[in-house]
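# Structural characterization, general
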Amino acid sequence: MGSQIIGFTNWFKTPPGEYLLAWERERFDQAVADMFGYHALQLGLPELDALRSNRMPHKWLALQGPESALLAGQPEGGDGSATPTPRTISPRVALLTDSAALPFPENSLDLVLLPHTLELSSDPHATLREVERVLVPEGRVVISGMNPASLWGLRQRRAHFYRRLGYGELFLPEAGEFIGYWRLRDWLRLLSFEVESGQFGCYRPAVSRPVSLERFAWMDKAGERWWPIFGALYFLVAVKRVRGMRLLEPNWKAPKAAATAPAAIANQVRHPGSFSSLPLSPEQQPWTSATHD
């Protein structure tokens, strides 16, 4: 995991990495600007300040312990671990934790951001379950990840095939298995999340030179129209739904009591031993009989 994190961090400093990071930064700024609440958490990827446009009063950036030290270039131990020191941690990092065991109580966070967190997690299922636990009802999770069904994903799979043959290099960092967009939606649905919005981006070919990336800039607009699901990145926002929940509103006015006064019914007689009251016919009216006599 340590070498994967270093590879992912260094790759974001290359021209294609900066291209993807710029698109993600713009998407996060637009998505979280109008999300309100009190507590927000970004889990992973300190190169991206995804909460900078959000106005919640309490915002944190969390990293895993080995990740923070490796990002600073500290040597690993013999078992692949590293001990972070105060000078190795970014000033924005608020806590070091495990993505599958967040130090927050249930229903305590209003917003959780996962920029490439699931790709770097050893157990993405456990990470999503933990996010569902700490989110409040109607809280939101924002996820970005690499799309395996894209030109970039195809080049990565071809590079893996060449490496098994003994030659070639990977274009994207070797950061575990990339999670497909529709597969991720199924995971979220099982955890009672409702996908609020989703989009793809970065349609330029998988090239390394900045000049080549600029030459194919026209493909970003063309891809959004003609092949929208084949972008190199996907970005989605999901809402935690709690079934059967009803919000209690303040009771400003006391409900009016129903009238209990008895109402009189005319032209009815109750016979002894009878359980029903029937109206009298015109022949049975007392004044009618007296008139005929």
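Provided above is the structure to which this section pertains.
Residues numbered from 1 in each chain as written. Predicted model: local features only at pLDDT ≥ 70, side-chain atom pairs only at ≥ 80, totals over all residues. Heavy atoms only, no water.

### So, the nonpolar core
- Among the nonpolar cores identified, the biggest contains 33 residues, and Leu-20, Leu-111, Leu-113, Val-142 and Trp-152 are the most heavily contacted of them.
- Looking at this core, the elements with two or more residues in it are helix H1 (2–11), helix H2 (15–32), strand S4 (109–115), strand S5 (135–146) and strand S7 (233–240).
- Leave out the neighbours within four places in its chain, and Val-142 touches Phe-28, Met-35, Leu-111, Val-112, Leu-113, Leu-114, Phe-235, Leu-236 and Val-237. (Core = buried A, V, L, I, M, F, W, Y, C linked by side-chain atoms within 4.5 Å. Buried < 20%, exposed > 50% of the residue type's maximum accessible area, 1.4 Å probe, protein only. Helix = DSSP H or I, 4+ residues; strand = E, 2+ residues; numbered from the N terminus. Contact = heavy atoms within 4.5 Å.)

### Here's the deal with the packing of aromatic side chains
- Summed over the entire model, instances satisfying the criterion amount to nine aromatic pairs.
- Connected via pairs of aromatic rings, a cluster forms that spans Trp-11, Phe-12, Tyr-19, Trp-152 and Phe-171. (Phe/Tyr/Trp six-rings, centres within 6.5 Å; stacked < 30°, edge-to-face > 60°.)

### Description of helix H7 (residues 181–190)
- Those residues of H7 lying buried are Tyr-181, Leu-184, Trp-187 and Leu-188. End-on, the buried residues of H7 take up no more than an arc of 115°, which puts them together on one face. Along H7, exposed side chains directed more than 90 degrees from the buried face belong to Trp-182 and Leu-190.
- Ser-192 sits one or two residues past H7 and shows a positive phi near 70°. (Arc of directions from axis to C-beta.)

### Some words on the environment of Val-207
- With respect to the element layout, Val-207 can be found in the loop between strand S6 (193–201) and helix H8 (210–215).
- The spatial distance from the C-alpha of Val-207 to the C-alpha of Arg-155 is 9.9 Å, given a sequence separation of 52 residues.
- Beyond its immediate sequence surroundings of up to four residues, Val-207 is in contact with Pro-16, Arg-155, Phe-171, Ser-212 and Leu-213.

### Details of the packing of helix H5 (residues 124–134) against H7
- In contact at an axis separation of 10 Å, H5 and H7 are set at 45° when each is read in the N-to-C sense. In this view, H5 runs oblique relative to H7, as classed from their interaxial angle. Note on packing geometry: the crossing formed by H5 with H7 is right-handed. Of H7, the residues touching H5 (which contributes Pro-124, His-125 and Leu-128) are Leu-184, Trp-187 and Leu-188. (Axes fitted to C-alpha atoms, helices over the stretch in contact; angles between N-to-C directions. Parallel < 35°, antiparallel > 145°, perpendicular 65-115°, else oblique. Left-handed = near helix turned anticlockwise from the far one by under 90°.)

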